[in-house]
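Chain and residue survey
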Amino acid sequence: MPEARPLDDDETLTYLHGTISPHRHLVRAPETPMYLDALLADEPLSGGLEPMLGEQHLRTVPERIDQGEAPPLFVLGPSGDAQLINYRVRGAYYIVDRLFAAAELRLGQKPQQVVRITRTDAQPSTAGKKG
């Protein structure tokens, strides 16, 4: 029978460090409590919509957006003007009660992270045109 035992603090931190960093080394638990990002990241850590550790993108699986910060959704008009719209969040999905050709999710201030959403089946509007 295989044996198992709980990991101590140092072993837990070393294991967690190994899951996000290509650098392998022992991580010791500090005497003064601190946030895990100060202990585990050995390269600059940037969050947001596309988190990175150093030059490597971190792959994340946001099962529930409503547990974190959901970026606001802006619908883009024909002239490129952005209009903040209402939406609901269900699990990992935004629910919008209108159709749009293009929209943007925007997070942060400076530099602002932007993800553009474009419908591939959108047709130019012919309303008001005489044929």
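For the structure itself, consult the block above.
The structure reproduced in this document is the subject of the present report. Keep in mind that this is a model prediction, so the values were computed, not measured.

Conventions adopted
- Residues numbered from 1 in each chain as written.
- Predicted model: local features only at pLDDT ≥ 70, side-chain atom pairs only at ≥ 80, totals over all residues.
- Heavy atoms only, no water.
- Helix = DSSP H or I, 4+ residues; strand = E, 2+ residues; numbered from the N terminus.
- Buried < 20%, exposed > 50% of the residue type's maximum accessible area, 1.4 Å probe, protein only.
- Salt bridge = Lys/Arg side-chain N within 4 Å of Asp/Glu carboxyl O.
- Core = buried A, V, L, I, M, F, W, Y, C linked by side-chain atoms within 4.5 Å.
- Contact = heavy atoms within 4.5 Å.

1. Considerations on the environment of A102
Its location among the elements puts A102 in strand β8 (residues 102-107). Here A102 falls in the buried class, since its relative accessible area comes to 15%. C-alpha separation for the pair A102 and I117, spaced 15 residues apart in sequence, amounts to 5.6 Å.

2. A short note on the pattern of salt bridges
Applying the stated criterion across every chain yields a total of 5 salt bridges. The partner of R5 in a salt bridge is E11, and the shortest N-O contact between them spans 2.7 Å. Residue classification places R5 among the exposed positions, given a relative accessible area of 55%. For E104, the salt bridge identified is with R106, shortest N-O distance 2.8 Å. According to the relative accessible area criterion, E104 is buried, its value standing at 8%. In the salt-bridge network here, residues are joined through shared partners; they are E104, R106 and R116.

3. Looking at the nonpolar core
Core analysis: the biggest nonpolar cluster contains 6 residues, these being L73, V75, I85, F100, A103 and L105. Broken down by secondary-structure element, the contributors of at least two residues to this core are β4 (73-76) and β8. Filtering out sequence-adjacent residues up to four positions away, A103 remains in contact with L73, F74, V75, L76, V115, R116 and I117.

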